[in-house]
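Residues per chain are reported as follows:
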Amino acid sequence: MTDDYEHYEAVVVGAGPGGAAAAATLARNDVETLVLERGTDAGAKNVSGGLIYAEESAPYTIDDLFPDFREAATDRAVTEHYIHNVSGRNVKTFDLHDLHHHDTEWADSVLRRKMDSWLADRVHEMTRETGGGLLTDVRVSGLLREGGRIVGVTCDELDAIRADVVVAADGVNSELARDAGLMDWEEPEEWFQGVKAVVDMPEGAIEKRFNVDEGEGVAHLFSGDLFEGARGGGFLYTNDDSLSIGTVFHLDSIAEERHEPQELLDNLLTHPLLADWIGDDYEELEYSAKLVPDSKKVAHPSPHRDRLLLVGDAAGQMQAQGPIIKGMNHAVTAGALAAEAFVDARSRGDTAEAGERYEAKLENEGVMDKLRPTRYRTLGRLGEAEPIASVTDAVVDSPVGRAAVGLLGDSLERLYNSPFLVGMLPDTKLGYVTLPTAIAEELGAPVAGESTVETPELDDRIGDLTYDIDEGNPHIELRDNSFAASGTAVTACPVSAKDFGGGCYRDEYVATNGTEKRVVSLDTQPCVECGTCAVVADTDWTHPRGGKGVEYKQG
Amino acid sequence: MRSVVLTKGVPDFREGQVSFDEDGHLERGKTPTVMNPNDKYALRAALQTKVRQGGTVSLMSMGPPGYMEVLQEGMRDVYADDLYLLSDREMGAADTWATAMTAATGIDKLDERPDLVFAGFKTADGETGHTGPQTEWCLDMPLITHVISLEVDPDEEHVRAKRLVEAEADEIETVKAPLPAFIVTDPEFEASYHRAEHRLEHKDLRETTRKRADEFGEYLADDSEKEATEWDRFTMWNHADLNLDPDFIGLDGSPTIVAGVDPIPKAPSEREATPVDPEDEADMEGLIDELAPYAAGD
């Protein structure tokens, strides 16, 4: 160990909302803060649905920390929220007004490139005042240790840096969380996979087609039989001049049933329910994908080790409970609390205590109970037990169950609006597929209209993305190329597909010594860095070097 | 650390920008003038020095008043603290030698003698690669060419550079020279910033220089203001300011005699292949006649 390393009081890794919140709070408290972002611009590596919420109960919201945030960085204030139960052409729509407004100060639609880059400019100004600043194009590759303890970070583009605290806000595929042994990529059932298309809208079309005022927006959710039985659902959010239309599924459901994520997205995009909203001239601006942690299962109760504190997706802090999908707001709260914890610890002369203080704040401020509700741990988990799940599913799908759905009628809408019930929903087919399908069939009506949407082929979607390829430096390597170990990636990877040669993963038969073996090959060039293959295949997975790889323009 | 970077305006040879007449001659009037692309490597090397050691970076050119936009381009795209244009009719039509004399005199006239003078590896139009080394000869500094990386030690007052040496295979040579020194950067030059503090400083300087370039652009666009005021980061010197005898600069001071201009042969990959049947005597004779000058070494 040399004394030549640079030192900053705080190093924040990742310039998303969690990192920005942490950095802004640190800077306001005169902590010398360096922010390192691997994208060529903040937001260039980020994807979200995306709605960002400000919760009334949260100790910090993004506009507390950045007062002009809503005016400058978001798209529309989402004031209406619906869920559509779908079976074929039959649709039964519930208004989720109460659920949406529960504990909600406001909720805005966002596109990450615009939002994160605006935040990054503010963060750079603030942190520069402290002697630090924000740098893009720098990938933090690991943790710097001294005597076995974490004391800083290592980077691809910079020499190692020591810090009194490292805030890892480096996203769902956080390499720092894995280096520290706090998170892993082992179990598909702990993750969701989201896939999204940003669709261009003519000027004025959103106001007309969605019946909203200028600056106001709407959120639509979709569940039922339109996703071939996969456990998950779809969403549509209105941006300023585009729509974010996407799907989110439990990764184990995608993996086990060999679903093609892009085809499930196409099922939504081409459903007649969306025909009038999308219109006749479908123009897809960007296709994107990401993994989403299921906080009920992976939100780390002690997201810290030594001087490392995890915030946001890196700590599994993404709340996806039925129609409640909240991630960025929790990242903001956690980021600010992590910073506050460090400032408290510093004022008491022991910066190494920051992690313990952060853990206590997450608990005391109620963040952990939102992420891992006690009622889910008891009742929800129970409902996921295979015999119970099968029975409840069969009951709802039986004539008796159908009759009950018919009898309950619109009172089901009230149940859907209960945050309490939503928090204990089991992650089974019942809530995502069977019940919504039954509701649509028993209570719904057929939608008129025909979709004229022709969705792009996967190679066109990949071709429309921007990449800076790191020639000769593949960031993912297959450890085991047998189909048994890594074949799931051929279908689960959102930029790969069966019988498609232009994606990341493809399978082929190779003859060796008179026997034929089915193997998987990998080309990282079209990779969108979602992390799916880190979970479903046997890989050595890292992010590309700073500034390399995919660059999202919308996000 | 004071650095001066020499640059030249050249036709923009990029596809879509450059214009040729039907005889294949460049149409200067229809082709925009831009900063010689190789000079941007020199400017990046000077910026790296500024980031690491502080000081100032001056960008200097010799040419018509329109080259002010070339200087602005360098300031906007890379960096400059101040800009110098050596310009009047007496300097026109200079060859590399007369240009070097003028540039060296311009450098000598600066308030402070530079620690480092940078030039790019040859211009996109002249392709001689002479001006840099000839200016160095006038200034009497140690010269390091084909530089791909650079480190300055201000305490020891020397510069250490890695340079490409073209032999049978590319080799890299590390050399050291006392300051002041003259550096010719290779197009393989890469600035490197391995410390966060340097990258942050680089980011600040880039933001500063973009704002300065915008200010200079406003100054260039506003004729009335130009007459009334000076932009304090821009200096224009004529031959009288430099105390240069017109007989030794410009066309009169240029020993080069251009005897003729031949079109540059196309690269082999761009030539059209003409199949010749070896059995066809007439075709073969024609081919032999065509190749004869090359065989004679002409």
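These figures come from a predicted structure and were not determined experimentally. (Residues numbered from 1 in each chain as written. Chains lettered and ligands numbered in written order. Predicted model: local features only at pLDDT ≥ 70, side-chain atom pairs only at ≥ 80, totals over all residues. Heavy atoms only, no water.)

## Topic: the overall build of chain B
- A count of helical and extended segments in chain B gives 7 helices and 11 strands.
- Oriented by its inertia axes, the alpha-carbon framework of chain B measures out at about 70 × 45 × 35 Å.
- The buried share of chain B, reckoned over its 298 residues, is 40%.
- Restricting to contacts in chain B with at least 6 residues of sequence separation, those with at least 24 account for 71%. (Helix = DSSP H or I, 4+ residues; strand = E, 2+ residues; numbered from the N terminus. Buried < 20%, exposed > 50% of the residue type's maximum accessible area, 1.4 Å probe, protein only. Contact = heavy atoms within 4.5 Å.)

## Digging into the domain arrangement of chain A
Residue and element names in this part refer to chain A.
- On domain assignment, one finds that chain A holds domain 1 (6–75 + 110–183 + 300–371), domain 2 (76–106 + 185–296 + 379–455) and domain 3 (472–551).
- Distance between the C-alpha centres of domain 2 and domain 3: 29 Å.
- Contacts between domain 2 and domain 3 engage 19 residues on the former and 20 residues on the latter.
- Regarding the contact of domain 2 and domain 3, the summed buried area is about 1,400 Å², with carbon and sulfur atoms giving 60% of it.
- The three residues of domain 2 that bury the most area against domain 3 are Trp185, Arg258 and Glu260, which together make up 41% of that side's buried surface.
- Across the domain 2-domain 3 interface, the total number found is 0 salt bridges.
- At the surface where domain 2 touches domain 3, the tally comes to 6 residue pairs in polar contact (both at pLDDT 80 or more).
- For the side of domain 2 that touches domain 3, the elements supplying multiple residues, two or more each, are strand 11 (191–200), helix 8 (251–256), helix 9 (261–269) and strand 15 (284–293).
- Of the residues contributing to the side of domain 2 that touches domain 3, the split by class is 11 nonpolar, 3 polar and 5 charged. (Domains from an automatic or database assignment. Buried area = accessible area lost by both parts, 1.4 Å probe. Salt bridge = Lys/Arg side-chain N within 4 Å of Asp/Glu carboxyl O. Polar contact = N/O pair within 3.5 Å; in protein donor to acceptor, adjacent residues only side chain to side chain. Nonpolar A, V, L, I, M, F, W, Y, C, P; charged D, E, K, R; others polar.)

## Digging into the packing of helix 17 (residues 399–408) of chain A against helix 20 (residues 429–443) of chain A
Residues and elements named next belong to chain A.
- As a packed pair, helix 17 and helix 20 sit with axes 9 Å apart at the nearest point and diverge in direction by 65 degrees. For the element pair helix 17 and helix 20, the recorded crossing hand is right-handed. Together, Arg402, Val405 and Gly406 of helix 17 and Leu435, Ala438, Ile439, Glu441, Glu442 and Leu443 of helix 20 make up the contact between the two elements.
- Its residues assigned to classes, the contact of helix 17 with helix 20 comprises 5 nonpolar, 1 polar and 3 charged. (Axes fitted to C-alpha atoms, helices over the stretch in contact; angles between N-to-C directions. Left-handed = near helix turned anticlockwise from the far one by under 90°.)

## Notes on the pattern of salt bridges
- According to the stated counting rule, one finds 52 salt bridges over all chains in the structure shown.
- Here A:Lys361 ties to A:Glu340 by a salt bridge, and the two come within 2.6 Å at their closest N and O atoms. Highlighted residues: A:Lys361 in helix 13 (residues 354–364) and A:Glu340 in helix 12 (residues 328–347), separated in sequence by 21 residues.
- Between B:Asp81 and B:Arg212 there is a salt bridge whose closest N-O contact spans 3.2 Å. Of this pair, B:Asp81 sits in the loop between helix 2 (68–77) and strand 5 (82–86) while B:Arg212 sits in helix 5 (residues 196–221); the two residues are 131 residues apart in sequence, bridging distant segments of the chain. You'll find B:Asp81 and B:Arg212 in the same group, each marked buried.
- Each of A:Asp41, A:Arg113, A:Glu551 and A:Lys553 takes part in one network of salt bridges that share partners.

## Looking at the environment of A:Tyr505
Residue and element names in this part refer to chain A.
- By the element assignment, Tyr505 lies in strand 23 (residues 505–512).
- Spatially, the C-alpha atom of Tyr505 lies 39 Å from that of Glu359, the residues being 146 residues apart in sequence.
- Those residues within four positions of Tyr505 in sequence are excluded, and the remaining contacts are Ile476, Leu478, Ala489, Val490, Cys493, Ser496, Phe500, Val520, Ser521, Leu522, Cys533 and Thr539.

## Examining the interface of chain B and chain A
- Contacts between the two partners involve 10 residues from chain B and, on the opposite side, 17 residues from chain A.
- For the pair chain B and chain A, the summed buried area comes to about 1,100 Å², and 49% of that belongs to carbon and sulfur atoms.
- Connecting chain B to chain A are 1 salt bridge.
- A salt bridge links B:Asp204 to A:Arg128, with the nearest nitrogen and oxygen atoms 2.7 Å apart.
- Inspection of the chain B/chain A interface yields 8 residue pairs in polar contact (both at pLDDT 80 or more).
- Taken together, the residues of the side of chain B that touches chain A break down into 3 nonpolar, 1 polar and 6 charged.

## Describing the packing of aromatic side chains
- Enumeration over the complete set of coordinates arrives at 13 aromatic pairs over all chains.
- For the ring pair B:Phe216 and B:Phe234, a centre distance of 5.3 Å and an interplane angle of 40 degrees mean the geometry is tilted. Of the two residues, B:Phe216 sits in helix 5 while B:Phe234 sits in strand 11 (residues 234–237), which places them 18 residues apart along the sequence.
- The class for B:Phe216 is buried, based on a relative accessible area of 0%.
- With relative accessibility at 7%, the residue B:Phe234 sits in the buried group.
- Aromatic ring contacts, followed pair by pair, group A:Phe66, A:Phe69, A:Trp106 and A:Trp118 into a single cluster.
- For the cation-ring pair, A:Lys326 lies above A:Tyr53, with the distance from its terminal atom to the ring centre recorded as 4.8 Å.
- Positioned above the aromatic ring of A:Phe483, the side-chain terminus of A:Arg518 is 3.6 Å from the ring centre. (Phe/Tyr/Trp six-rings, centres within 6.5 Å; stacked < 30°, edge-to-face > 60°. Lys NZ or Arg CZ within 6 Å of the ring centre and 35° of its normal.)

## Structural notes on a negative patch on the surface
- A contiguous patch of negative charge on the surface is contributed by B:Asp277, B:Glu279, B:Asp280, B:Glu281, B:Asp283, B:Glu285, B:Asp289 and B:Glu290.
- The residue B:Glu285 is located in helix 7 (residues 281–295) in this model. (Patch = residues over 30% accessible without salt bridge, like charges linked within 9 Å, V, L, I, M, F, W, Y side chains within 5 Å. Areas by Shrake-Rupley, 256 points an atom, 1.4 Å probe, with all protein chains shown as cover. Lys, Arg positive; Asp, Glu negative; His and termini not counted. Charge placed at Lys NZ, Arg CZ, Asp CG, Glu CD.)

## Thoughts on the environment of A:His475
All names here are of chain A.
- Mapped onto the elements, His475 comes out in the loop between strand 21 (466–468) and strand 22 (476–478).
- By relative accessible area, His475 is classed as buried at 9%.
- For His475, the residues in contact, after removing those within four places along its chain, are Thr524, Cys527, Glu529, Asp540, Trp541, Thr542, His543 and Pro544.

## Let's talk about the sheet that holds strand 9 (residues 170–178) of chain B
Residues and elements named next belong to chain B.
- Pairing is mixed across the open sheet formed by 9 strands, whose spatial order is 9-8-7-10-6-1-4-5-11. Across the chains shown, the open sheet's two edge strands, defined by having one partner strand only, are strand 9 and strand 11. The sheet shows a mean angle of 30 degrees between the axes of neighbouring strands, taken without regard to direction.
- Helix-sheet contacts for helix 4 (residues 131–139) involve strand 1 (2–7), strand 6 (116–120), strand 7 (143–153) and strand 10 (181–185), and the interaxial angle to strand 10 is about 180 degrees. (Pairing = 2+ DSSP bridges.)

## So, unusual backbone geometry
- With an omega of 10 degrees, the peptide bond running from A:Gly49 to A:Gly50 counts as cis.
- Residue position: A:Gly50 is located in the loop between strand 2 (33–36) and strand 3 (51–55).
- Of note, the amide linkage connecting B:Leu179 to B:Pro180 takes the cis form, showing an omega dihedral of -5 degrees.
- Relative to the helices and strands, B:Pro180 is located in the loop between strand 9 and strand 10.

## Points about the packing of helix 16 (residues 386–397) of chain A against helix 20 of chain A
All names here are of chain A.
- It is at 9 Å that the axes of helix 16 and helix 20 come closest, and there the two elements cross at 10 degrees. Judged by the inter-axis angle, helix 16 sits roughly parallel to helix 20. On helix 20, the residues touching Thr392, Asp393, Val396 and Asp397 of helix 16 are Lys429, Leu430, Thr434, Leu435 and Ala438. (Parallel < 35°, antiparallel > 145°, perpendicular 65-115°, else oblique.)

## A word on helix 4 of chain B
Residue and element names in this part refer to chain B.
- Along helix 4, the residues classified as buried are Gly132, Thr135, Glu136 and Leu139. Along helix 4, the residues classed as buried sweep out an arc of 105 degrees about the axis, all on the same side.
- Its buried side turned inward, helix 4 meets strand 1, helix 3 (96–109), strand 6, strand 7 and strand 10. (Arc of directions from axis to C-beta.)

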